[in-house]
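# Topology and contacts: notes
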Amino acid sequence: MHGVRRLYEQADLVDLIALDDIDLTIEPGTFVSIIGPSGCGKSTLLRLISGQESADAGRITVCGLTPKEAAEAKAFGFVPQSPALLPWLSVLGNVTLPHKVNRRSDRGRPDLEALLREVGLGESLHKLPAELSGGMKQRTAIVRAFGLRPDVLLLDEPFGALDEFTREALQEQLLELWEQTRATVVFVTHSISEAVRLSDKVVVMAPRPGRITDVIDIDLPRPRHQEIITSPEFHAYELKLRDSLRDAFSHGEVAS
Amino acid sequence: MSLQPGAPAGTQPAPPRRTHLLVPTPEQLAARRLRRRTRLLRPAYWLPFVLLLVVLAIGWGIGARQMPYLFVPLGEIAGVLSEDPAYFLQNTLVTLGEALVGLGIGFVAAFALAVVVSEVAVVRRAVMPFAVVLSVTPLVAIAPLLVVALGFGMAPKVVLTALVCFFPILINVATGLRAVPGPVLEVYRTVAASRLEVLRYLRVPASLPYVFASLRIVFPLSMIGAVVAELAAAGSADGLGSVIQVASSQNRLATVWAAIFVLAALGSLLFWFVTLAERRVLHWHQP
């Protein structure tokens, strides 16, 4: 994406610059996290990539297509912050339904039951979302996105509402699924350790106006298991990212 | 790959020996089932209701003695009912038929318009203000006009019932079709689901709780519509409303009350039916 800008008209009729001058290239097959304080336009960025919103200036291409064309070709899998499951469908029904819409562009259904079993939902295939815990619901949402075999996975703080233990277990499962497919991932998060643990590259953003202040490469070996969290290298990256975020935040304060 | 730590990859983990469920023995299970099934037989459940029923019956008896032009003894009412049950049954079926046909027509029309309204903003802005006003207007008041216009047959009753049911259904379903949460819509829009697909797979199922909420309102309303239309078409046709009209003009109070009791029973039956259907269809829904 190049020189992207997005405006929102506010209640007082003044345009709020939600995103300004965003230049970002994401290599196919990499795991990129976007981190930054609230209100820096992380979610807006995801909606621009997936074609839910249009940029007011600049250009975004996804594998050579416009975002709308890419969505039309089912290039995206999206995991929102809330699991967004349909309460009247079973776990299996929920992960199957995206294959029934826009059928022309469907990339074929992998063995969804096996995928669900892999993330520990084997005994819950026919349960309704109301019978699941928060972590199980979010796992269902992740399988729903992965099951589409997308080129690009967009995750908007998918673990934000979960407790720490569940969060770490789900990070592990997310990495395992990703190692198998190697789709491009754009992962929005608030959490520094989550960003370091998962990503090849962390994009740091600052608010008012939403912009990119830093891009940090995370050069840790994969696969990254639980143990890596306690290694000194991991810690060094966390510190670096924390510094970068502090800079981003103080910039924002000056600008406002 | 597997959740169980230590389980070798690729093999199914052995079933865990300890679970968080305590399964009762067959004898305990049978006892629990019996307890659950006979719950309604315990006095704590039925006694309060029966007591109030007795009080009301006694009150009715006193009322019948004090105000003989309003109340009649319950025995007389029962006598009328048992004397000619076929007469009441036949008139009940007529009223029920009018109510259900009217409700059916009203439902189909209201649902169709609700879909249009929820999909097309221009139509929504035009229609919804009228719908809100008309849903709080006592439409039964046009019954005499309908009788004049459509005659003494079934037509005015069905039309009035359909009209009375139409607007509550329209408002509820139009709300329900728009009750799909934003994140859900976003998930399905990122895979470019068409409007028709969103309607079929997301909006219509999401509206079902609202559909049943409207049915709870509209089943009793349909009875009101049919009976009022019968009252307005005095003495001309069958139906419990006509029975009431004719009998009260001839001062046969017991027959009037008998018809009212039958209407109450019929209304309860319909309500029970809606509740039953709701439990079946909306087992996933937690209000």
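Just so it is clear, the model here is predicted, and its values are computed rather than measured.

## Here we look at the domain arrangement of chain B
- For chain B, the assigned domains are domain 1 (23-71) and domain 2 (80-281).
- Here domain 1 of chain B and domain 2 of chain B have C-alpha centroids that lie 31 Å from each other.

## What to know about unusual backbone geometry
Residue and element names in this part refer to chain A.
- Even without being glycine, Asn102 reaches a positive phi, approximately 45°.
- By the secondary structure assignment, Asn102 is in the loop between α3 (91-100) and α4 (112-118).
- One non-glycine residue, Arg182, lies in the positive phi region at around 55°.
- With respect to the element layout, Arg182 can be found in the loop between α6 (164-181) and β7 (184-189).
- Since its relative accessible area comes to 38%, Arg182 is described here as partly exposed.

## Comments concerning the domain arrangement of chain A
Residues and elements named next belong to chain A.
- Looking at chain A, the domain boundaries give domain 1 (2-75 + 150-255) and domain 2 (82-149).
- One C-alpha centre belongs to domain 1, the other to domain 2; they are set 24 Å apart.
- Counting residues at the interface gives 19 residues for domain 1, matched by 20 residues for domain 2.
- Buried area between domain 1 and domain 2, both sides added, is near 1,600 Å², and the carbon and sulfur share of it is 61%.
- On the domain 1 side of the contact with domain 2, Lys74, Pro150 and Leu177 bury the most area, a combined 40% of that side's loss.
- Counting every contact that joins domain 1 to domain 2 gives one salt bridge.
- The shortest N-O distance in the salt bridge between Asp151 and Arg107 comes to 3.2 Å.

## Some words on the environment of Ile77 of chain B
Residue and element names in this part refer to chain B.
- Note on placement: Ile77 falls in helix α3 (residues 74-83).
- Residue classification places Ile77 among the buried residues on the basis of a relative accessible area of 3%.
- With 180 residues separating them in the primary sequence, Ile77 and Trp257 have C-alpha atoms 6.6 Å apart.
- Ignoring anything within four residues of it in the chain, the contact list for Ile77 reads Trp60, Val72, Ala254, Trp257, Ala258 and Phe261.

## Comments concerning the interface of chain A and chain B
- Each side of the interface is counted separately: chain A has 32 residues, and chain B has 20 residues.
- In total, about 2,400 Å² of surface goes out of reach between chain A and chain B, with carbon and sulfur atoms giving 67% of it.
- For chain A, the biggest contributors to the area lost against chain B are Gln52, Phe78 and Trp88 of chain A; these three give 26% of the whole.
- If you look at where chain A meets chain B, you find zero salt bridges.
- At the level of elements, α2 (67-72), β5 (76-79), α3, α5 (134-146) and α6 of chain A are the ones that each hand at least two residues to the side of chain A that touches chain B.
- Top contributing element to the side of chain A that touches chain B by residue count: α3 of chain A, with four residues.
- Of the residues in the side of chain A that touches chain B, the class split is 15 nonpolar, eight polar and nine charged.

## Overview of the nonpolar core
- Residues Phe76, Leu154 and Met205 of chain A together with Tyr188 and Leu202 of chain B are the most contacted members of the largest nonpolar core, which totals 98 residues.
- Non-local contacts of Leu202 of chain B, meaning those with residues more than four positions away in its chain, are made with Leu86, Trp88 and Leu97 of chain A together with Val180, Val184, Leu185, Tyr188 and Glu197 of chain B.
- Core analysis: the next-biggest nonpolar cluster, separate from the first, contains 31 residues, Val119, Trp178, Val185 and Leu198 of chain A among them.

## Re α3 of chain A
- The element α3 of chain A is extensively covered by neighbouring structure, given that nine of its ten residues are classed as buried.
- Taken together, the buried positions of α3 of chain A are occupied by Val91, Leu92, Gly93, Asn94, Val95, Thr96, Leu97, Pro98 and His99 of chain A.
- Buried positions along α3 of chain A lie against α4 and α5 of chain A together with α8 (182-189) and α9 (195-232) of chain B.
- Following α3 of chain A by one or two positions, Asn102 of chain A adopts a phi angle in the positive range, close to 45°.

## Comments concerning the pairing of strand β6 (residues 152-156) of chain A
Residue and element names in this part refer to chain A.
- Of all five residues making up β6, five are buried, and the element is well covered by its neighbours.
- Burial along β6 is two-sided: Val152, Leu154 and Asp156 facing one way and Leu153 and Leu155 facing the other are all buried.
- Here β5 runs beside β6; their pairing, made up of four bridges, is parallel. Bridge pairing in β6 places Gly77 opposite Leu153.

Reading the values: the criteria
Residues numbered from 1 in each chain as written. Chains lettered and ligands numbered in written order. Predicted model: local features only at pLDDT ≥ 70, side-chain atom pairs only at ≥ 80, totals over all residues. Heavy atoms only, no water. Domains from an automatic or database assignment. Helix = DSSP H or I, 4+ residues; strand = E, 2+ residues; numbered from the N terminus. Buried < 20%, exposed > 50% of the residue type's maximum accessible area, 1.4 Å probe, protein only. Contact = heavy atoms within 4.5 Å. Buried area = accessible area lost by both parts, 1.4 Å probe. Salt bridge = Lys/Arg side-chain N within 4 Å of Asp/Glu carboxyl O. Nonpolar A, V, L, I, M, F, W, Y, C, P; charged D, E, K, R; others polar. Core = buried A, V, L, I, M, F, W, Y, C linked by side-chain atoms within 4.5 Å. Pairing = 2+ DSSP bridges.

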